[in-house]
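Remarks on the overall topology
What follows is each chain in one-letter form.
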Amino acid sequence: MSQETATAEGGFWSDSGKTGIGSWIFSTDHKRIGLMYLYCVLSFFMVGVLLGVLIRLELIAPGPTIVTAQTYNALFTVHGVVMIFLFIIPGIPASFGNLVLPIQLGARDVAFPRVNLFSWWLYVIGAVIVLVSLFTGGGAPDTGWTFYVPFSARTTTNVSLAVFGVFILGFSSILTGINFVTTIHRMRAPGMNWTRIPLFTWSLYATAWVQILATPIIAITLLLVVTERILGLGLFDPSRGGDPIMFQHMFWIYSHPAVYIMILPGMGVISDIIPVFSRKPIFGYKMIAFSSLAIAAAGSAVWGHHMYTSGMSDLGVMVFSFLTFLVAIPSAIKVFNWVSTMYKGSISLEAPMLFALSFILLFSIGGLSGLILGAASTDIHVHDTHFVVGHFHYVMFGGTGFAFFAAAHYWLPKYFGRRYEEKPAIIGWVLMFIGFNVLYFTMQVLGMEGMPRRYYDYLPEFARLNLVATVGSWIMVAGILIVLWNLWRGLLKGEPFTGNPWGGATLEWSIPTPPPTENFEEDPVVTHGPYDFKGAGVP
Amino acid sequence: MSHLEKDTFGAKLGMWLFLFTEILLFGGVFILYSVYLTRYPREFGLGGKQLDLVYGATNTVVLLTSSLFAAMSVTAIKRGAKKVTLGLLGGTIGCALIFLFIKYLEWSAKFHHGIYPNSPKLIAGPPGESVFFGLYYLTTGLHGIHVIIGSVLMAWTAVMVQREVLHAGDNVTLENVTLYWHLVDLVWIFIFPLYYLIL
Amino acid sequence: MTNESAEHILSYGKLVTVWVTLLVLTAATIMVTRVELGVWKVWAALAIASIKSGLVIAFFMHMKYEPRLFRIILFVALFTLAGFIGGTFFDVLYR
Amino acid sequence: MFLFGACLVLLVGITATMIFFVVRYRRSKNPEPTSQVSGSPLLEVVWTLLPTILVMGMFYYGWTSYLSLRTVPKNAMQVKAEARMWSWDFIYQNGKHSPKLVVPVGRAVQVNLESEDVIHGFYVPAFRIKRDVVPGMKNHVWFVANSPGSYDLFCSQYCGTGHSAMITTVEAVPADKFEAWLNEKAAEGGAAKGKALLESHGCLGCHSLDGSTKVGPTFKGLYGSQVKVTRGGKAETVKADEAYLRESILNPGAAIVEGFPPIMPKSDIPEGDLKVMVEFLEGEK
Ligand code: HEA
Ligand code: HEA
Ligand code: CUA
Ligand SMILES: [Cu+2]
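Residues numbered from 1 in each chain as written. Chains lettered and ligands numbered in written order. Predicted model: local features only at pLDDT ≥ 70, side-chain atom pairs only at ≥ 80, totals over all residues. Heavy atoms only, no water.

Examining the overall build of chain C
- The helix and strand inventory of chain C stands at three helices and zero strands.
- Along chain C, helices and strands appear, N-terminal first, in the series α-α-α.
- The globule rule puts the C-alpha radius of gyration for 95 residues at 12 Å, and the 18 Å found for chain C is more than 25% above it.
- For chain C, the C-alpha atoms occupy an extent of roughly 55 × 30 × 10 Å along the three principal directions.
- Across the 95 residues of chain C, 39% fall into the buried class. (Helix = DSSP H or I, 4+ residues; strand = E, 2+ residues; numbered from the N terminus. Rg over C-alpha atoms; globule rule 2.2 N^0.38 Å. Buried < 20%, exposed > 50% of the residue type's maximum accessible area, 1.4 Å probe, protein only.)

What follows is the structure in structure tokens.
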């Protein structure tokens, strides 16, 4: 992790005069913390990806292929937990949010730098606990990332420790949220009024609120699972009057809003990239900013759509189905605004833009399949099948994942002062995009044909499509590897990257590359909007 | 709005945001409580009758008083009265200890009657009863943990006041800690009627 | 924007008054819940608890003297919690 | 269920438009550098209202057809389904047990779902029905099988190691055949009874009779063989005699066969059944 310090130089990499690992893991500089998050998040992403590929390998043919049923169950559980809690939730907010947000506001750091560092430490500790739980106790947890009781209260595997790890990760997420809200309220540079805040930062604002208000519920819920296992409180145990459905309510009260913690920052990235590469102000700035808040608010009230088949009351089904459809509206607004931003623009198809465009497409497919899930009757058929698996990979990986890569190609050169090569990035992108669709679209078809999820083994009639999907996963492997390798090499040894080659008008493009520790020598005064390219003097 | 000077307002904003997370944490328990209350009104009634109103009411008074001391300590430090501040903080911590002691008495009485999580008596009893006492232990336990954390924080700020790190000019840490303390009180304001009174 | 951090110091007297009110209200809840009111008992107790917490928030926690932003976000948080409880009851009550 | 098609058409339609849009605007790459600016309130209103209407339509269809899925016809035949880790047991009103769900063609069937342990899911893709089987809760589904045949029945809610093996079939047969089947008496005593018991207690969900390895070790040739087990953390080899079989059934956690996870649930099987089962196992050479 510390090799980069040797190669990247200038700006915050060296101007504090401090080097060595201590200067990183005890640093309160938001940029260093952001990068540390980035490294961790990427490492866990690779762990998750490896598990994903193993899952696909097992599913390549019916019958046992490479692992036992118990191992398979642990595989997808850990894949889910790692991807959700270690990769995608901290993914964009904690890494790129930390890197970019203060600078976009014209601030020198976040509001509570030490809390920020603490939150990184909590993240690492939580992650380590989760990983330790895989190898100790009764073996890796096998409950699925949803930890449904009563199964999770009965299984002999090491659920308690894993859940405790997730609990700590939740705190890390909460602290990041608190930090961002306070920063946005208190640390804006003079002239940076609410309608001049870049949309990425806007989206983080909405995200942060969800983090603050929803995460505590998962904390208490997971705590309950632990007490259930250790003390036997019996709160969810039907034989003693408990109600397992209540666990599902509480779990999804957090976990549905959490999917907006995942996607909103991704949408923010896209809203920042599209105008820059179209050389055109974003279409409908206010509506996009507002729809982020609308998604956050409405999204907090739709959790029941994960429970249509659970035995919830029919009235509940109706209410939640209705609200679910309401969430689609702000998403639709965003999609339409992005597309019209490109209208008659001057579009340059560089790597960040390609990722951004594929985001729109993949997110739309995922989102629309979400509507099928939101309609009560169709969900009955495809609930807990690979259709759902396809849906959430489309929105999470196709959405947030691609946004993550877009952000990496867009912002990282700014912080490293060097850039990747364009051609391999595009080849990698093409492979990822093709592999992605082969993999997940097939899954959706499988699901409609009725293949249930979390199945270690399946009937022969599903064999062909599963083979196709597995092959798709290999194409994607190739793509991701190329992209990451190219980024890695380019950022360390590539061509120098200076000035403002993409012509961004947000504040981060107005300071030296790499940014100095203090970001701004003196407080900037903001005189133009975030996408006012003329005002920023961009040609 | 320079970034170098201390941002009192920002610090308080952050604290409030944190308090919201606490409210929602307890909110989760209250969701469960309300649901199970509607499902098992009778069992909850019987369970609630077994709780000791005297312990509960005493603790309410103790906690309210501690809250008063905490609030007064903020006034004191702003007026620059260091001794008074320290005394009031001591009073708060004292009340917290009394609270915990009473809680201890109450819990051990329950244990004596064979009512504790997973106890044979609860397993054999009617379904709702186990849920009621499960919730009771969960809520008061969680609240107790907060009382302990709060007292530790109070003690820590007292040390800071003693060393004059916190003083009339810069006391936002003390304010924030008392905010936390009031939250603990707030939660109890709801726990008390819900568990001891209405059933 | 310096005025917003202008400090407001509450007098001891006021705090003690609040405390006395709180104690009185506590006594009131106990009394109210000893009378047989049926379901109303729950609501009465909750209403008094809300008044009490309102007092604590407004005076002990200085909310009354903070800028409006604080009240707005407090409202947002409580509203969210109410939403969570309400949503759950759509299921629980009609199952 | 026509809705499903409708939704699909909508999905394909909108997705196609999306691709088309993206491609078209991308082409504008080379020609002009810049031209238009900022937003348009009218358009914003249009594409707030349009999706609202669309979405409300979708909600309405989804909800109404959901209702029809939930309204059971009055004269539906009642069957109880008991789910446990990891097998199904269907109990008919005359007390008959069956590991497969046999139903008459053309008649509405209401399946009442009960679980003995954790949450399972009753899922028949062919009839597009699914409902979780939650312990302590009374859920139900209903369907009509319109043509005879054998339809897959899956457990859709994750329930542990044997989750993917918890599958069986719905056998739709003509009404007269069904009546005959329903009234056929299970053969008394002997091997058939033993096998039926193993089936109805769910053992065969995890243990095979033909020598193949499922979640647990096979029963074939088990009796009298030497088994490597771990007891209280120590490895030892025991002979699979009657005592061993009994212990393994009643208290599965006591001795764990090497190579298998310690996941078998405890059970209290009445002595009468147990005896028949053990006798049956002794016969499975
Ligand atoms: C990043 C994460 C993310 C996002 C953003 C979403 C977004 C949405 N999700 Fe998804 N979802 C998950 C992650 C996510 N989901 C996960 C992880 C699960 C499974 C959890 C598990 O069980 O393990 C899940 C499961 C899930 C279910 C439960 C399925 C089941 O188990 O049976 C449902 C049901 O309603 C649902 C619905 C939706 C809807 C309606 C949206 C909407 O927000 C989508 C809105 C987007 C659009 C609508 C597309 C863009 C708009 C246009 C192209 C314009 C045209 C549109 C119109 C005219 C309407 N999701
Ligand atoms: C952000 C979230 C995320 C992401 C990115 C992914 C990525 C992938 N997932 Fe995902 N998945 C989930 C979140 C995610 N998943 C969740 C939440 C579940 C539900 C779990 C549950 O049911 O509880 C799930 C479940 C799930 C299943 C269903 C299991 C089942 O129900 O039986 C499957 C099956 O195919 C699958 C496959 C994959 C694959 C093939 C990838 C691929 O996209 C991975 C593609 C990447 C590569 C192929 C790159 C390969 C790289 C390497 C091999 C190493 C390189 C090393 C260096 C560079 C050093 N996942
Ligand atoms: Cu039973 Cu899955
Ligand atoms: Cu959801």
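As for empty space enclosed by the protein
- Inspection of the entire model under this criterion finds 10 cavities of 30 Å³ or more.
- Looking at the largest cavity, its volume works out to about 160 Å³.
- Contributing to the lining of the largest cavity are 17 residues, with Phe85, Ile89, Leu169, Gly170 and Ser173 of chain A lying nearest its centre.
- Put simply, the parts of the chain that give the lining of the largest cavity at least two residues each are helix H4 (69-105), helix H7 (159-186) and helix H8 (199-230) of chain A.
- When residues of the lining of the largest cavity are assigned to their parent elements, the largest contribution, six residues, is made by H7 of chain A.
- When the residues that make up the lining of the largest cavity are grouped by side-chain class, the tally is 11 nonpolar, six polar and no charged.
- What the second largest cavity holds in volume is close to 100 Å³.
- As for the second largest cavity, its lining consists of Ile380 of chain A together with Tyr66, Leu69, Arg70, Val72, Ile129, Lys130, Arg131, His140, Val141 and Trp142 of chain D.
- Every element with two or more residues in the lining of the second largest cavity is listed here: helix H2 (41-70), strand E7 (129-133) and strand E8 (139-144) of chain D. (1 Å grid on protein atoms, 1.4 Å probe; cavity = no way out; pocket = protein on both sides within 12 Å on 5 of 7 lines; lining within 4 Å. Points joined across faces, edges and corners; volume = space filled by probe spheres on them. Nonpolar A, V, L, I, M, F, W, Y, C, P; charged D, E, K, R; others polar.)

Thoughts on the side chain of histidine 120 of chain D
- Tracing the chain through its elements places histidine 120 of chain D in strand E6 (residues 120-124).
- Sequence-distant contacts of histidine 120 of chain D, that is, excluding residues within four places in its chain, are made with Ala83, Arg84, Met85, Ser115, Arg131, Asp132, Val133, Cys155, Gln157, Cys159 and Met166 of chain D. (Contact = heavy atoms within 4.5 Å.)

Examining the coordination of the iron atom of ligand 1
All names here are of chain A.
- A lone protein donor contacts the iron atom of ligand 1, and this donor is His391 (NE2), found at 2.2 Å.
- Between the iron atom of ligand 1 and the copper ion (ligand 4), a spacing of 4.4 Å is present.
- Counting through the fold element by element, histidine 391 comes out in helix H14 (residues 386-416). (Donors = N, O, S within 2.8 Å, 3.2 Å for Na, K, Ca; no water.)

Here's the deal with the coordination of the copper ion (ligand 4)
- At the metal site, the copper ion (ligand 4) is ligated by His256 of chain A (ND1), His305 of chain A (NE2) and His306 of chain A (NE2), and these contacts range over 1.7 to 2.1 Å.
- Along the chain, the residues donating to the copper ion (ligand 4) fall in the pattern H-x48-H-H.

A short note on the confidence of the model for chain C
Residue and element names in this part refer to chain C.
- Summarising the model, chain C shows a mean pLDDT of 82, and 91% of its residues fall at 70 or more.
- Note on residues 1-6: pLDDT is under 50 here. Beyond four places in sequence and across chains, it has three contacts.
- Prediction confidence for the complex, expressed as pTM and ipTM, is 0.87 and 0.84 respectively. (pLDDT = per-residue confidence, 0-100.)

Some words on a nonpolar patch on the surface
- On the surface, Leu467, Val471 and Trp474 of chain A cluster together to form a nonpolar patch covering roughly 250 Å² of accessible area.
- You can see leucine 467 of chain A is positioned in helix H16 (residues 463-493). (Patch = residues over 30% accessible without salt bridge, like charges linked within 9 Å, V, L, I, M, F, W, Y side chains within 5 Å. Areas by Shrake-Rupley, 256 points an atom, 1.4 Å probe, with all protein chains shown as cover. Salt bridge = Lys/Arg side-chain N within 4 Å of Asp/Glu carboxyl O.)

Concerning the sheet that holds E6 of chain D
All names here are of chain D.
- In spatial order, the strands read E4-E10-E9-E6-E7; together these five strands make up an open sheet with mixed pairing. With partners counted over all chains shown, the strands left at the sheet margins are strand E4 (101-104) and E7, one partner each. Ignoring strand direction, the axes of neighbouring strands in this sheet form an average angle of 20°.
- With respect to the sheet, helix H3 (residues 175-183) is in contact with E4 and strand E10 (168-173), its orientation differing from that of E4 by roughly 135°. (Pairing = 2+ DSSP bridges. Axes fitted to C-alpha atoms, helices over the stretch in contact; angles between N-to-C directions.)

Points about the pattern of salt bridges
- Scanning all chains against the criterion turns up 15 salt bridges over all chains.
- When the shortest N-O distance is used, the salt bridge between lysine 12 of chain B and glutamate 66 of chain C registers 3.0 Å. You can see lysine 12 of chain B sitting in helix H1 (residues 8-39) and its partner glutamate 66 of chain C sitting in the loop between helix H2 (39-60) and helix H3 (68-92), one on each of two chains. In this structure, lysine 12 of chain B and glutamate 66 of chain C share a single accessibility class: buried.
- With its nearest N and O atoms 3.8 Å apart, the salt bridge here joins lysine 80 of chain D to glutamate 114 of chain D. Of this pair, lysine 80 of chain D sits in strand E1 (residues 77-84) while glutamate 114 of chain D sits in strand E5 (residues 108-115), and the two are 34 residues apart along the sequence.
- Linked by salt bridges that have partners in common, Lys12, Lys78 and Glu175 of chain B together with Glu66 of chain C make up one network.

Describing the interface of chain C and chain B
- Taken together, the contact pairs 48 residues of chain C with 48 residues of chain B.
- The largest share of the area that chain C buries against chain B comes from Tyr12, Met61 and Phe70 of chain C, three residues that together contribute 16% of it.
- There are one salt bridge connecting chain C and chain B.
- Remark: the boundary between chain C and chain B carries four residue pairs in polar contact (both at pLDDT 80 or more).
- Counting residues per element, the ones that place at least two in the side of chain C that touches chain B are helix H1 (12-34), H2 and H3 of chain C.
- If one sorts the elements of the side of chain C that touches chain B by residue count, H3 of chain C sits on top with 12 residues.
- Of the residues belonging to the side of chain C that touches chain B, the class tally is 32 nonpolar, nine polar and seven charged. (Buried area = accessible area lost by both parts, 1.4 Å probe. Polar contact = N/O pair within 3.5 Å; in protein donor to acceptor, adjacent residues only side chain to side chain.)

Remarks on the sheet that holds strand E11 (residues 226-231) of chain D
Residues and elements named next belong to chain D.
- On the basis of which strands lie adjacent, the open sheet formed by three strands has the order E12-E11-E13 and antiparallel pairing. This sheet does not close on itself; its edge strands, each paired only once, are strand E12 (234-239) and strand E13 (255-257). Across the sheet, the mean angle from the axis of one strand to that of its neighbour is 45°, orientation sign disregarded.
- Where E11 meets E13, three bridges bridge the pair, whose relative direction is antiparallel. What sits directly across from threonine 230, in E13, is isoleucine 256.
- The sheet strands contacting helix H5 (residues 242-250) are E11, E12 and E13, and the helix crosses E11 at an angle near 45°.

Focus on the confidence of the model for chain B
- Mean pLDDT for chain B: 85, with 96% of residues reaching 70 or above.
- Counting contacts from residues 1-5 of chain B, a segment whose pLDDT is below 50, to residues more than four positions away or on other chains yields 10 contacts.

Structural notes on the site of ligand 2
Residue and element names in this part refer to chain A.
- Of all residues adjacent to ligand 2, which total 34 residues, the nearest are Tyr72, His79, His393, Tyr440 and Arg454.
- One of the backbone nitrogen or oxygen atoms of tryptophan 145 is found 2.8 Å away from an oxygen atom of ligand 2.
- Tyrosine 440 has a polar side-chain atom sitting 2.8 Å from an oxygen atom of ligand 2.
- For the shell around ligand 2, the class distribution of residues is 25 nonpolar, six polar and three charged. (Near = heavy atom within 4 Å.)

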